[in-house]
Structures are given as structure tokens and as C-alpha cells.
Amino acid sequence: MVYYSNQADEDIENIFIGLLSWKKHTLTFDHVWEYRNTLRQVCDSLESKPYHVDTTYSIHQQYGTKVHSYRRNKQTIWYIIYDIDYQGNIFINKIISNYLTVV
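In this text the structure is predicted, and so the values were computed from the model without any measurement. (Residues numbered from 1 in each chain as written. Predicted model: local features only at pLDDT ≥ 70, side-chain atom pairs only at ≥ 80, totals over all residues. Heavy atoms only, no water.)

Undergrad: Help me out: how do you make sense of the environment of I15 in this one?
TA: As for its position among the elements, I15 is in helix α1 (residues 6-20). Measuring from C-alpha to C-alpha, the distance between I15 and K74 comes to 18 Å, with 59 residues separating the pair along the chain. The residues contacting I15, other than those within four sequence positions of it, are Y35, L39, W78 and I95. (Helix = DSSP H or I, 4+ residues; strand = E, 2+ residues; numbered from the N terminus. Contact = heavy atoms within 4.5 Å.)

In C-alpha cells form, the structure reads like this:
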């Protein structure tokens, strides 16, 4: 089962609002809604992944032990940071972009 922390839910909401109000490129509501839904689908699919990657960046390690990279386009990667319990449940703690990930 996949569970979202309050922070992860807030991250998805902030991504949605940020894209709707993005000044650089005007995006339609339908496009932003689909973007949000796709990000949710990627998160929900984590439980079916055969392999889970350990976090390596220190900023990611603050939020969890595992990370999944979702490349949305050439410029944008979303890092879904999560933990797994002994029963295999996924707890998504944070969703952060490559723009905020400092190496």
C-alpha cells in the first residue's frame, strides 16, 4: 500500500498551484491536472517496483531512505522520497524537484 504524508500531499498541491500560476509558460488547467495525476500515478506505482534505490543526496536523506526519480521532461526530474516498512508499505514523505536538490 502507498501512503502519503501531509508534506507529500502539500508538495503535490504546491506543484499543481505553481504550474497553474507559472509566468514563464501559460499552461491550461487540463494540462496541469493531467501533470498532477501522472505524478500521483508514479507515486502509486512504487509498491510494484522490484527494486528501491537508496537516497544518496543529503537533502533527500533528511526525508527518507529510498528515492524514485521521475523524469518529466528534459529539464525536470521529480524525486519522490519515501520509506518502506517491514510489510512493504510505502510511506511517501517528500516530493522535490531537481531544481531544489543541491548536490
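Undergrad: How should I be thinking about the packing of α1 against helix α2 (residues 29-44) in this particular structure?
TA: Think of two packed helices as two axes; the pair is described by the angle between the axes and how far apart they sit. As a packed pair, α1 and α2 sit with axes 9 Å apart at the nearest point and diverge in direction by 155 degrees. The angle between the axes of α1 and α2 places the two elements in the roughly antiparallel class. Judged by the twist between their axes, the crossing of α1 over α2 is right-handed. Across the interface between the two elements, D9, I12, I15, F16, L19 and L20 from α1 touch F29, V32, W33, Y35, R36, L39 and R40 from α2. (Axes fitted to C-alpha atoms, helices over the stretch in contact; angles between N-to-C directions. Parallel < 35°, antiparallel > 145°, perpendicular 65-115°, else oblique. Left-handed = near helix turned anticlockwise from the far one by under 90°.)

Undergrad: What should I look at first to understand a nonpolar patch on the surface in this one?
TA: Taken together, M1, Y3 and F91 make up a surface patch of nonpolar side chains, about 290 Å² in accessible area. Of note, F91 is situated in strand β5 (residues 90-97). Judged by relative accessible area, which is 32%, F91 ranks as partly exposed. (Patch = residues over 30% accessible without salt bridge, like charges linked within 9 Å, V, L, I, M, F, W, Y side chains within 5 Å. Areas by Shrake-Rupley, 256 points an atom, 1.4 Å probe, with all protein chains shown as cover. Salt bridge = Lys/Arg side-chain N within 4 Å of Asp/Glu carboxyl O. Buried < 20%, exposed > 50% of the residue type's maximum accessible area, 1.4 Å probe, protein only.)

Undergrad: How should I be thinking about the packing of aromatic side chains in this particular structure?
TA: To describe a pair of aromatic rings, one takes the distance between the centres and the angle between the planes. In this structure the tally under the stated criterion is 5 aromatic pairs. Measuring from ring centre to ring centre gives 5.2 Å for Y3 and F91, while their planes differ by 15 degrees; the resulting arrangement is stacked. Taken together, the positions of Y3 in strand β1 (residues 2-4) and F91 in strand β5 put the pair 88 residues apart, joining distant regions of the chain. Since its relative accessible area comes to 37%, Y3 is described here as partly exposed. (Phe/Tyr/Trp six-rings, centres within 6.5 Å; stacked < 30°, edge-to-face > 60°.)

Undergrad: Which parts of the structure should I look at to understand the side chain of T76?
TA: Relative to the helices and strands, T76 resides in the loop between β3 (66-71) and β4 (77-84). Residue class for T76 comes out buried when judged on its relative accessible area of 10%.

Undergrad: Looking at this model, I keep getting lost on α2. Mind explaining?
TA: The terminal C-alpha atoms of α2 lie 22 Å apart, and with 16 residues this matches the ideal 22 Å at 1.5 Å per residue to within 8%. Among the residues of α2, those classed as buried are V32, Y35, T38, L39, R40, V42 and C43. Elements in contact with the buried residues of α2: β1, α1, β3, β4 and β5. (Expected span 1.5 Å × (residues − 1).)

Undergrad: I'm lost on the sheet that holds strand β2 (residues 53-54) in this one. Help?
TA: Strands belonging to one sheet form pairs held by backbone hydrogen bonds; the direction of such a pair is parallel or antiparallel. Taken in spatial order, the 5 strands make up an open sheet running β1-β5-β4-β3-β2, and their pairing is mixed. Two strands bound the open sheet, and with one partner strand each, they are β1 and β2. Sheet topology note: the β2/β3 ladder contains 2 bridges and is antiparallel. Residue V53 lies in a different strand from β3, and its bridge partner there is V67. The sheet strands contacting α1 are β1, β4 and β5, and the helix crosses β5 at an angle near 35 degrees. (Pairing = 2+ DSSP bridges.)

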